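Spelled out from the first residue to the last, the chains are:
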4 protein chains.
Amino acid sequence: MKLTYPAILLNFKSYKEAAGNRGLELAKTAERVASQTGVIVAVCPSIVEMAKFVQNVSIPVLSQHCDPYEPGPFTGAVVAEHLKEIGVAGSLLNHSEKRLKLSDISAAITRLRGVGLDTVVCADDLAAAAGAAALEPSAVAVEPPELIGSGISVSTAKPEVVAGAVKTVKAVKPNVHVICGAGVSSAEDVRKAVALGSEGVLLSSAYVKSRNPEQLLLELCKALLV
Amino acid sequence: MKLTYPAILLNFKSYKEAAGNRGLELAKTAERVASQTGVIVAVCPSIVEMAKFVQNVSIPVLSQHCDPYEPGPFTGAVVAEHLKEIGVAGSLLNHSEKRLKLSDISAAITRLRGVGLDTVVCADDLAAAAGAAALEPSAVAVEPPELIGSGISVSTAKPEVVAGAVKTVKAVKPNVHVICGAGVSSAEDVRKAVALGSEGVLLSSAYVKSRNPEQLLLELCKALLV
Amino acid sequence: MKLTYPAILLNFKSYKEAAGNRGLELAKTAERVASQTGVIVAVCPSIVEMAKFVQNVSIPVLSQHCDPYEPGPFTGAVVAEHLKEIGVAGSLLNHSEKRLKLSDISAAITRLRGVGLDTVVCADDLAAAAGAAALEPSAVAVEPPELIGSGISVSTAKPEVVAGAVKTVKAVKPNVHVICGAGVSSAEDVRKAVALGSEGVLLSSAYVKSRNPEQLLLELCKALLV
Amino acid sequence: MKLTYPAILLNFKSYKEAAGNRGLELAKTAERVASQTGVIVAVCPSIVEMAKFVQNVSIPVLSQHCDPYEPGPFTGAVVAEHLKEIGVAGSLLNHSEKRLKLSDISAAITRLRGVGLDTVVCADDLAAAAGAAALEPSAVAVEPPELIGSGISVSTAKPEVVAGAVKTVKAVKPNVHVICGAGVSSAEDVRKAVALGSEGVLLSSAYVKSRNPEQLLLELCKALLV
């Protein structure tokens, strides 16, 4: 299932609130809100439950990480062909909590693209966003690491990073989508992100730890539609 | 489901022959042979399908890798508590294809043990086996990397490594189990390993790529029982 | 001492032939040939002898690596300010034998540039060259890893990679210099590289292990001047 | 120049206060105090100035890090044979700011020992100290990372870690020396460490940033002699 933009990406990381049945519930909630609003919502569950999530929800499931290897003798690896086989839509790459070598990002993009999967490369700042864009992923997600989990949205605290990333990425590769993340937790954050040119948002703790994730996601989706 | 020794550990790595339904089939075959022979057989499926495997087989499932983190904001990680929650029995650590820092092996063992899971630390040679044993995992698996996938068994090519690992590990920590791996592919390899003091074997390509995995595993299990 | 282009970069790696006095002799030979021909030649000595090399030769000395840290509590690190203080001209970054994370390349470039030092980012292929260029180093050195140390020059075996890197890098950032390396060992290799648009070459074993390094370098320099 | 114990190890890390001539001055001060008191004092200068330090002081110089490679095509590496050739006495390994894989610590110890150099493996806690001891380095330096640079000495804040490391290491390998570090900054800290069985101390910022390093080191040396 291909990802299209604008989109909301929900990263479950390794949060206990998103493990096991609680995670499945959060994914099903996302599926419901996506269906209700028509907004593209993707979930990035823990890698140890990925196959189970794909079997249980019809919205796009992204891997939180992908290694640059082909299928073979690679213990503990996540490989593109395997993601494809189990029905995953694509992968985040180079999240600030799982940073990768330049050559591995490049190789992983090549392998994922080769089997028709999406690639969303995270970048800390404008220079890294430009570098990531040059590798021609499906999308670049700009996320200043110091704002991750802070509750202070990148679109409010650092609007110049969002606008700058859009400009920089499109200058390098016009077809690469740009989304933003870090601290995104309200409809207003999404509206500001969109106003700055962002084609969606990547969020995590705000959704995963929300007392009312359905209500929150509904508001975020509506904000994206405006 | 706790692992006891002697045991046969089947590492599926990232082989395409062990992905998706083919992997499930290989795991069910292992379950059948284990039940038939009474030998403890554990499988280490691709991490992206782990939860699905646990749901589908009743033999112990081990992770191919575990990170040293607690549940939380760790994108792309495998954490002990999550493995526990989905029913995994334990984890391989420091496989030569997924080497870890000393401090991360130590921290991962502490976390896994803390939630009651097994730990099998791989080691290339006697020095590393001693170092691994000192960290008090459930077991040390000695595997000379140059023999992995070679078809030439460590128990034949380097019997002194198997015997030496048994002696070294038990001298450091008498309660730590010792198994061996690399090139193990026949009943004779298993018999030699057991004769050298090994409490089981770790194998991968020989099983995963076998034309008749059921027959092969049956022979290995019988050899372990002798 | 700033590096200008075209230039010949001599990477001493960790070769025993370039350690201690043998390394100093190779550097003094390079100094002599540079002076004689007017060609810019830089040496990249082992990092453990860097300060000594700077004291002993007047040609630019580049570090083989630089970490992204500021001066401080970083054991075993190479930091930009320290390189500056001891008189080093700049640093290679992301050599295929010392690959770096995208974010670390970006941060190291920022720090090195901040203290006025040069940055030469190595890249395996066109995609990585584009990614590296987007980070705005002084130069990108394209080096297909499979040709390194092979004696078969990139400019002969993969002319399309050299020409492609020049085109790609200049399209992303026109001010970034492009050099090439891997297998470069003769005047003819240099001539071909220059004809393909390369602004110099990066070589290692061909010089370090040459029976007559002075004669070889003289020929390479003359080829660069043509 | 072999290191004997008890000893005081001074780690200059990448502090700007220990770069260039300021670092040489700190090393010469250490040499003077060592000569005056008869205490063994070793310095670990920045790796980019190592050869220069060896040429300028007669006390043991240790590398802050060593890679597991043989001399050869390894860009940006620190190799044992090269350290030997330039007159370095040995190397710290696995400092908490430069953590290494278990297999790399093991391989680096083997290489350094093979050329007659000393090895001091750092360990965060008792489990890691046991693991490090099993690899048979010259010494294990136990350093709880949370106390590094804190000014609160491990021997005061965590005496059980120092005493426990001595007991644990000697139980695994009686010939391996044990020193401690993290927060060591006064004669009292050294006295406590010695009373707990430590055969010396490893310190850094307290010396490097001292307003009177000579006076401080004199007091530490006297405390070690008591």
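To keep things clear, this report deals only with the structure shown in the data block.

Reading the values: the criteria
- Residues numbered from 1 in each chain as written.
- Chains lettered and ligands numbered in written order.
- Predicted model: local features only at pLDDT ≥ 70, side-chain atom pairs only at ≥ 80, totals over all residues.
- Heavy atoms only, no water.
- Pairing = 2+ DSSP bridges.
- Helix = DSSP H or I, 4+ residues; strand = E, 2+ residues; numbered from the N terminus.
- Contact = heavy atoms within 4.5 Å.
- Axes fitted to C-alpha atoms, helices over the stretch in contact; angles between N-to-C directions.
- Buried area = accessible area lost by both parts, 1.4 Å probe.
- Salt bridge = Lys/Arg side-chain N within 4 Å of Asp/Glu carboxyl O.
- Polar contact = N/O pair within 3.5 Å; in protein donor to acceptor, adjacent residues only side chain to side chain.
- Nonpolar A, V, L, I, M, F, W, Y, C, P; charged D, E, K, R; others polar.
- Least-squares fit on C-alpha atoms with pLDDT ≥ 70 in both.
- Buried < 20%, exposed > 50% of the residue type's maximum accessible area, 1.4 Å probe, protein only.
- Phe/Tyr/Trp six-rings, centres within 6.5 Å; stacked < 30°, edge-to-face > 60°.

Bringing the sheet that holds strand 3 (residues 62-63) of chain D into the picture now. All names here are of chain D. Read from one edge to the other, the open sheet built from eight strands follows the order 2-1-8-7-6-5-4-3, with strand pairing classed as parallel. Either end of the sheet is taken by a strand with one partner, and the two such strands are strand 2 (40-44) and strand 3. One ladder, built from four bridges, connects strand 1 (residues 7-11) with strand 8 (residues 200-203); its direction is parallel. Its bridge partner being in strand 8, Leu-10 is matched across the sheet by Leu-203. Across the sheet, helix 4 (residues 102-114) touches strand 4 (90-93) and strand 5 (118-123), and the angle it forms with strand 4 is around 170°. Sheet contacts for helix 10 (residues 213-225): strand 1, strand 2 and strand 8; angle to strand 1, the most-contacted strand, approximately 150°.

Listed per partner, the contact involves 35 residues of chain A and 35 residues of chain B. Taken together, the two surfaces of chain A and chain B that pack against each other cover about 3000 Å², and 55% of this comes from carbon and sulfur. When the area that chain A buries against chain B is broken down by residue, the three leading residues are Ser14(A), Val48(A) and Thr75(A), summing to 25%. Where chain A touches chain B, the interface holds two salt bridges. Taking the shortest distance from any N to any O, the salt bridge between Arg22(A) and Glu85(B) comes out at 3.0 Å. Linking chain A with chain B are 22 residue pairs in polar contact (both at pLDDT 80 or more), by the criterion used here. Among the elements of the structure, helix 1 (20-37), helix 2 (50-56) and helix 3 (80-86) of chain A are those that each provide at least two residues to the side of chain A that touches chain B. Residue composition of the side of chain A that touches chain B, by class: 14 nonpolar, 13 polar and eight charged.

Expressed as a screw operation, the relation of chain A to chain B combines 0.0 Å of axial shift with a rotation of 180°, fitting to an RMSD of 0.0 Å. Accordingly, the operation relating the two chain copies is best matched by a two-fold axis. For chain A, the minimum C-alpha distance to the rotation axis belongs to Val48(A) and amounts to 2.5 Å. Of the interface residues in chain A, 100% have counterparts in chain B that sit at the interface too, so the contact is made through matching surfaces.

Attention now goes to the pattern of salt bridges. All names here are of chain C. Enumeration over the complete set of coordinates arrives at 44 salt bridges over all chains. Ionic pairing is found between Glu-97 and Lys-13, a salt bridge with its closest N-O pair at 2.9 Å. In this pair, Glu-97 is assigned in the loop between strand 4 (90-93) and helix 4 (102-114) and Lys-13 in the loop between strand 1 (7-11) and helix 1 (20-37), connecting sequence segments 84 residues apart. Accessibility expressed as a relative area gives 22% for Glu-97, which makes it partly exposed.

Okay, unusual backbone geometry next. Following Tyr5(B), the chain continues to Pro6(B) via a peptide bond in cis, the omega torsion being 5°. Within the fold, Pro6(B) resides in the segment before strand 1 (7-11). Phi at Lys13(A) is positive, roughly 45°, even though this residue is not glycine. For Lys13(A), a relative accessible area of 4% gives the class buried.

Turning to the sheet that holds strand 3 (residues 62-63) of chain B, a few remarks are in order. Think of a sheet as strands paired side by side through backbone hydrogen bonds, with each pair either parallel or antiparallel. All names here are of chain B. Across the sheet, which stays open at both edges, the eight strands sit in the order 2-1-8-7-6-5-4-3 with parallel pairing between neighbours. Looking along the sheet, the strands with just one partner apiece sit at the ends: strand 2 (40-44) and strand 3. Note: strand 7 (residues 177-181) against strand 8 (residues 200-203), two bridges, orientation parallel. Its bridge partner being in strand 8, Gly-181 is matched across the sheet by Leu-202. Each of strand 1, strand 2 and strand 8 is contacted by helix 10 (residues 213-225), which is oriented at about 150° to strand 1, the strand it contacts most.

Residues and elements named next belong to chain B. Relative to the elements of secondary structure, Glu-31 occurs in helix 1 (residues 20-37). The spacing of Glu-31 and Ile-59 is 28 residues in sequence and 5.8 Å in space, taken between C-alpha atoms. What Glu-31 contacts, discounting residues up to four positions off in sequence, is Asn-56, Val-57, Ser-58 and Ile-59.

Each aromatic ring pair is characterised by the separation of its centres together with the angle its planes make. Within the structure shown, the criterion is met by twelve aromatic pairs over all chains. Ring geometry for Phe12(A) versus Phe53(A): centroids 6.2 Å apart, planes at 75°, classification edge-to-face. Placement of Phe12(A) in the loop between strand 1 (7-11) and helix 1 and of Phe53(A) in helix 2 is noted, with a sequence separation of 41 residues between them. Here Phe53(A) falls in the buried class, since its relative accessible area comes to 0%. Seen in terms of ring centroids, Phe12(D) and Tyr207(D) are 6.4 Å apart; in terms of plane orientation they differ by 20°. Their pairing is stacked. A residue pair is termed long-range when its members are at least 10 positions apart, and Phe12(D) in the loop between strand 1 and helix 1 (20-37) and Tyr207(D) in helix 9 (residues 205-208) qualify at 195 residues. Tyr207(D) shares its class with Phe12(D); the two are buried.

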